[in-house]
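Spelled out from the first residue to the last, the chains are:
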Amino acid sequence: MGIQARKGAPLLFGTPVFHSKKQDGSVRLMPFRLVKQALRKNKPDSRFFKTPTDLQSSYDVVIIGAGGHGLACAYYLARDHGITNVAVLEQGYIGGGNTGRNTTIVRSNYLTPEGVRFYDESVRLFQDLSEDLDLNLFYSTRGHFTLAHSDSAMRTMRWRAEVNKHYDIESELWGRDDIARAVPFMDMDCGGQHPVLGALYHAPGAVARHDAVAWGYGRGASNRGVEIHQKTKVCGIRMIGNQVEGVDTDRGFIACKKVVSCVAGSTPRITDMVRLRTPVEIRPLQACVSEPLKPFLDTIIVSGSLHVYVSQSSRGELVMGASVDRAPLHSTRSTFDFVEDLADKMLDLFPFLGGVKIVRQWAGMADMTPDFAPIMGTTPIYGFYLDAGWGTWGFKATPVSGKTMAYTIANDDDHELIKPFRLSRFSEYALVGEKGAASVGH
């Protein structure tokens, strides 16, 4: 293969490119920066973020979990509150948990006033996040349809639309004909079994690159002095009375007065260390992607009745998922039953996909709560903060959870937006009741 550089070379995403010719005569475009980097003996570009070698003996704050939420919390602690003596501990690798296993949908068309206000702030933060982190997050506004297949579902969509409008969220009820024009390739009769009667259309619905979000927050936190320690497992949390004193890791003890748990499906293991009871239940949440197809779906389609949702990525893959598994299980295994049932429902919506191959399938561990809303903020253990209970809707809350948790830690007082999500609501019988908008529409 020979590399041919020529004057006036074209641009690829704003970067000059070389033509590289393969043996079969076809041409491949190669970014000039990549060629220059490969031929240099000295690499001037720094690593994406710093990789500290040793743990310090103490930190002001220890964050358990280097997913999107943990890294966002570290970033806003450093940026907004000047707290930089922070260690983020991750037993695996950055974004290797639910952050890297979700399907990247961003929306705020929730049912309760508490949920609408919270997620709308997250959408607002997401829209400026690429500029804030100086990184292309591939944020793409698509519009989000939640299909209704029955009269009762239509009433729920109308209810959600009215709540959304009350808080200036762009959501409205669409009729069958309007949906057919917007999504012409969808079978509106769903094979005659579940005809679409209408839908809640949420114009700001979007997708983003999940890995880029985690790495962007990680880089931003690292550049401000936060230490990110991968391959570091938390084995215990030490307390004196009701006060956190530090954490035991497989690399030694760290003294600290504030510990934040952002570990999604591993939440029960961490809360057991401080003898804190929560109603969190872990269930696998599975998803899959198809082989790349020509673009035909530029919106996000969700059906709560069929328990299925789908969007098409910029590479042409169909990103598909359903509701959580029926039984609790601390596992990330995937099953044939899931993909068989999903394929059946997908063919009801898009019959022409019968010959399309599924190329990858995976699962995450969803930390579910009884009212389908998160648990956030301070706890009865002084110095122990909880960011959990995200179930199937954690990725879309990444910016706002990081920002509100950072405020809570810095001030030792729950941020106004997360007060409804306090742990004590379960003993106070003050549940949020978000199941109608959170169970499938990830």
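See above for the structure.
Below or above, wherever it landed, is the structure these notes cover. These numbers were taken from a predicted model, which means no experiment stands behind them.

### Focus: helix 9 (residues 336–349)
Moving on, step 1. In this model, helix 9 (14 residues) spans 20 Å end to end at C-alpha, consistent with the 20 Å of a helix rising 1.5 Å per residue.
Moving on, step 2. Those residues of helix 9 that fall on the buried side of the exposure criterion are Phe338, Val339, Leu342, Lys345, Met346, Asp348 and Leu349.
Moving on, step 3. Check the buried side of helix 9 and you find it contacts strand 9 (144–148), strand 18 (281–290), strand 20 (308–312), strand 21 (318–321) and strand 22 (358–368).
Moving on, step 4. At the N-terminal end of helix 9, a side-chain oxygen is found 3.2 Å from the backbone nitrogen of Phe338, two or three residues along, and the residue is Thr335.

### Digging into the packing of aromatic side chains
Moving on, step 1. Inspection of the entire model under this criterion finds 20 aromatic pairs.
Moving on, step 2. Centre to centre, the rings of Phe185 and Phe296 are 5.9 Å apart; their planes meet at 80 degrees, and the pair counts as edge-to-face. Here Phe185 is found in the loop between helix 6 (176–182) and strand 11 (198–202), whereas its partner Phe296 is found in the loop between strand 18 and strand 19 (300–303), with 111 residues between them in sequence.
Moving on, step 3. On the accessibility criterion, Phe296 (15% relative accessible area) is buried.
Moving on, step 4. Aromatic rings pair up to connect Tyr110, Phe118, Tyr119, Trp390 and Phe421 into one cluster.
Moving on, step 5. Lying across the ring of Phe253, Arg238 places its NZ or CZ 3.9 Å from the centre.

### Remarks on the packing of helix 3 (residues 113–127) against helix 10 (residues 398–411)
Moving on, step 1. Where helix 3 meets helix 10, the axes come as close as 7 Å, and the angle between the chain directions of the two elements is 105 degrees. With respect to each other, helix 3 and helix 10 are oriented roughly perpendicular. Of the residues in helix 10, those in contact with Phe118, Glu121, Ser122, Leu125 and Phe126 of helix 3 are Thr398, Pro399, Val400, Ser401, Lys403 and Thr404.
Moving on, step 2. Per-class residue counts for the contact of helix 3 with helix 10 are five nonpolar, four polar and two charged.

### Topic: the sheet that holds strand 12 (residues 206–207)
Across a sheet, paired strands are connected by hydrogen bonds in the backbone, their directions being either parallel or antiparallel.
Moving on, step 1. Taken together, the three strands give an open sheet; going across it, the order is 7-12-8, and neighbouring strands pair in antiparallel fashion. Bordering the open sheet on either side are strand 7 (105–106) and strand 8 (140–141), each of which pairs with just one other strand.
Moving on, step 2. As paired strands, strand 7 and strand 12 are joined by two bridges and run antiparallel to one another. Across the sheet, Ile105 pairs through a bridge with Val207, a residue of strand 12.

### Focus: the sheet that holds strand 15 (residues 243–249)
Moving on, step 1. Strand order in this open sheet of three strands is 14-15-16, and the pairing throughout is antiparallel. The open sheet has two edge strands, strand 14 (234–240) and strand 16 (252–255), and neither has a second partner. Strand-to-strand twist in this sheet, taken as the mean axis angle between neighbours without regard to direction, amounts to 25 degrees.
Moving on, step 2. Pairing between strand 14 and strand 15: six bridges, direction antiparallel. Looking at strand 15, one finds that Met239 is bridged to Val244.

### A word on the side chain of Gln312
Moving on, step 1. Looking at the secondary structure, you find Gln312 in strand 20.
Moving on, step 2. At a separation of 3.0 Å, a polar atom in the side chain of Gln312 contacts the main-chain carbonyl oxygen of Gly316.
Moving on, step 3. Beyond its immediate chain neighbours, meaning those up to four positions away, Gln312 contacts Arg142, Leu293, Lys294, Pro295, Phe296, Leu297, Glu317 and Leu318.

### So, the pattern of salt bridges
Moving on, step 1. For the coordinates displayed, the defined rule picks out 16 salt bridges.
Moving on, step 2. With a shortest N-O distance of 2.6 Å, Glu121 and Arg124 are connected by a salt bridge. Here Glu121 and its partner Arg124 are both found in helix 3, three residues apart, which amounts to about one turn of the helix.
Moving on, step 3. Taking the shortest distance from any N to any O, the salt bridge between Arg181 and Asp178 comes out at 2.5 Å. Note that Arg181 and Asp178 are positioned in helix 6 at a spacing of three residues, about one turn of the helix.
Moving on, step 4. Classification of Arg181 as exposed rests on a relative accessible area of 60%.
Moving on, step 5. A residue is classified by how much of its surface remains accessible, and Asp178, at 34% relative accessible area, is partly exposed.
Moving on, step 6. Each of the salt bridges in this network shares a partner with another, and the network as a whole consists of Arg79, Asp80, Asp132 and Lys403.

### Thoughts on the state of the cysteines
Moving on, step 1. Enumeration over the complete set of coordinates arrives at zero disulfides.
Moving on, step 2. Its sulfur unpaired, Cys288 is 18 Å from the next cysteine sulfur, which belongs to Cys190.

### Brief notes about the pairing of strand 20
Moving on, step 1. Taking burial as the measure, the five residues of strand 20 include five buried ones, the bulk of the element.
Moving on, step 2. Here strand 20 shows a buried face lined by Val308, Val310 and Gln312 and a second buried face lined by Tyr309 and Ser311.
Moving on, step 3. Pairing of strand 19 with strand 20 involves three bridges; the strand directions are antiparallel. If you follow Val302 over to strand 20, its bridge partner there is Tyr309.

### Some remarks on the nonpolar core
Generally speaking, nonpolar side chains in soluble globular proteins are found buried as a group.
Moving on, step 1. Ile63, Leu77, Phe118 and Tyr217 are the most contacted members of the largest nonpolar core, which has 62 residues in total.
Moving on, step 2. In terms of residues, this core owes the most to one element, helix 2 (residues 68–81), which gives eight residues.
Moving on, step 3. Apart from the residues within four sequence positions on either side, Ile63 is in contact with Gly70, Cys73, Ala74, Leu77, Val86, Ala87, Val88, Leu89, Val260 and Cys262.
Moving on, step 4. Ala87, Met239, Val259 and Ile282 belong to the second-largest nonpolar core, a separate cluster that totals 29 residues.

### Considering the pairing of strand 21
Moving on, step 1. The two faces of strand 21 match: Leu318 and Met320 on one face and Val319 and Gly321 on the other face are all buried.
Moving on, step 2. Note: strand 20 against strand 21, four bridges, orientation antiparallel. Across the sheet, Ser311 pairs through a bridge with Val319, a residue of strand 21.

Quick notes on the rules
Residues numbered from 1 in each chain as written. Predicted model: local features only at pLDDT ≥ 70, side-chain atom pairs only at ≥ 80, totals over all residues. Heavy atoms only, no water. Helix = DSSP H or I, 4+ residues; strand = E, 2+ residues; numbered from the N terminus. Expected span 1.5 Å × (residues − 1). Buried < 20%, exposed > 50% of the residue type's maximum accessible area, 1.4 Å probe, protein only. Contact = heavy atoms within 4.5 Å. Polar contact = N/O pair within 3.5 Å; in protein donor to acceptor, adjacent residues only side chain to side chain. Phe/Tyr/Trp six-rings, centres within 6.5 Å; stacked < 30°, edge-to-face > 60°. Lys NZ or Arg CZ within 6 Å of the ring centre and 35° of its normal. Axes fitted to C-alpha atoms, helices over the stretch in contact; angles between N-to-C directions. Parallel < 35°, antiparallel > 145°, perpendicular 65-115°, else oblique. Nonpolar A, V, L, I, M, F, W, Y, C, P; charged D, E, K, R; others polar. Pairing = 2+ DSSP bridges. Salt bridge = Lys/Arg side-chain N within 4 Å of Asp/Glu carboxyl O. Disulfide = S-S within 2.5 Å. Core = buried A, V, L, I, M, F, W, Y, C linked by side-chain atoms within 4.5 Å.

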